[in-house]
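Results of the structural survey
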Amino acid sequence: MSSSVATGLSGRYARALFTLAIEGKSLGAVESSLTSLKEALAESADLAALVNSPVVGRGAAGAAVAGVADGLNIDGLTKNFLGVLAANRRLALLPAIIRDFAALNAARKGEVTADVTAAHKLTDTQAQALAAKLKAGIGRNVALNITVDPAILGGLVVRVGSRMIDSSIRTRLDMLGQALKA
C-alpha cells in the first residue's frame, strides 16, 4: 500500500478506516457502505448540506449521521467512523475520504484508479465497457471512480494518474470557439 495513494488529512482518515477494516475482516462491508454513502451524498442535497455545514453542532451532526447510517444499513465500523468524523468536525472530508479509501483498496488489489467525469450516470454495462477499454490501454485492472457533472454536456473526462483523456462536448465547443477566434 503506497503512502502516495492517499495523502493529506483525508488520506490519514482513509488509511485509518482501511486498516481497521482489514484488521476486522470487514473490508467488503466498509467498501459497500462507503459506496452507499457516496451515492447518497450525490443524490441528497440535504445530506450534502449537513456534511458541509459548519453551523451544525457536533452532537446534532453525530445524531444526524447515525440516523442516515441506520437508514442506509451502514456497517458498524463505518457508522462508528462517521461518529468520529462528526465529533472531530471532519464530516466535510467525507467525499475525499471515500475517494482515498477507494484508491487504497484499488492499490491493494493491484488496480489503478481512473477518475471519470460523465455528463449523465453511466449504466453498469457502460461502466464495464469503459473499464475493459481502459484495461486494454493501460494493461492493468482499472477501478472506476465515476462522478456526474452535467456541465460537460456530453462525453467523458477520464484521468488515470497523470494522463487525462477529455472527450467532453464542452471541451470540443471551447476548442471550436478558440479556432473561430483565431
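Since the structure is predicted, the reported quantities are computational estimates derived from the model, not experimental observations. (Residues numbered from 1 in each chain as written. Predicted model: local features only at pLDDT ≥ 70, side-chain atom pairs only at ≥ 80, totals over all residues. Heavy atoms only, no water.)

1. A few points about the pattern of salt bridges
A full pass over the atoms with the stated rule returns 3 salt bridges. Residues Asp70 and Lys79 are paired through a salt bridge, measuring 2.6 Å at the closest nitrogen-oxygen approach. According to the relative accessible area criterion, Asp70 is partly exposed, its value standing at 46%. For Lys79, a relative accessible area of 28% corresponds to the partly exposed category. With a closest N to O distance of 3.2 Å, Asp100 and Arg99 form a salt bridge. Judged by relative accessible area, which is 39%, Arg99 ranks as partly exposed. (Salt bridge = Lys/Arg side-chain N within 4 Å of Asp/Glu carboxyl O. Buried < 20%, exposed > 50% of the residue type's maximum accessible area, 1.4 Å probe, protein only.)

2. Some details on helix H6 (residues 94-108)
Taking 1.5 Å as the rise per residue, H6 with 15 residues should run 21 Å; its terminal C-alpha atoms sit 21 Å apart, in good agreement. Looking at H6, one finds that the buried residues are Leu94, Ala96, Ile97, Ile98, Asp100, Phe101, Ala103, Leu104, Asn105 and Ala106. Tucked into the core, H6 has its buried residues touching helix H1 (8-23), helix H2 (27-43), helix H3 (45-52), helix H5 (76-87), strand S1 (112-118) and strand S2 (142-148). Directly beyond the C-terminal end of H6, a positive phi value near 80 degrees is found at Gly110. (Helix = DSSP H or I, 4+ residues; strand = E, 2+ residues; numbered from the N terminus. Expected span 1.5 Å × (residues − 1). Contact = heavy atoms within 4.5 Å.)

3. Structural notes on unusual backbone geometry
In this model, Asn73 sits at a positive phi of 55 degrees, which is unusual for a non-glycine residue. Despite not being glycine, Leu153 has its phi angle at roughly 70 degrees, a positive value. Relative to the helices and strands, Leu153 resides in the loop between S2 and strand S3 (156-160). Note on Leu153: relative accessible area 48%, which makes it partly exposed.

4. Thoughts on the nonpolar core
With 29 residues, the main nonpolar core has Leu34, Leu82, Leu85, Leu91, Leu94 and Phe101 as its most contacted residues. Looking at this core, the element that brings in the most residues is H2, giving 6 residues. Not counting residues within four places of it along the chain, the set of residues in contact with Leu85 comprises Tyr13, Arg90, Leu91, Leu94 and Ile97. Judged by nonpolar contacts, the second largest core, of 10 residues, contains Leu130, Val142, Val158 and Val160. (Core = buried A, V, L, I, M, F, W, Y, C linked by side-chain atoms within 4.5 Å.)

5. Observations concerning the pairing of S3
Here S1 pairs with S3 via 5 bridges, running antiparallel. If you follow Asp115 over to S3, its bridge partner there is Arg159. Across 4 bridges, S3 lies against strand S4 (residues 163-166) in antiparallel orientation. Bridging from a neighbouring strand, Val157 pairs with Asp166 of S4. Between the antiparallel neighbours S3 and S4 lie 2 residues, among them Gly161 with a positive phi of about 60 degrees. (Pairing = 2+ DSSP bridges.)

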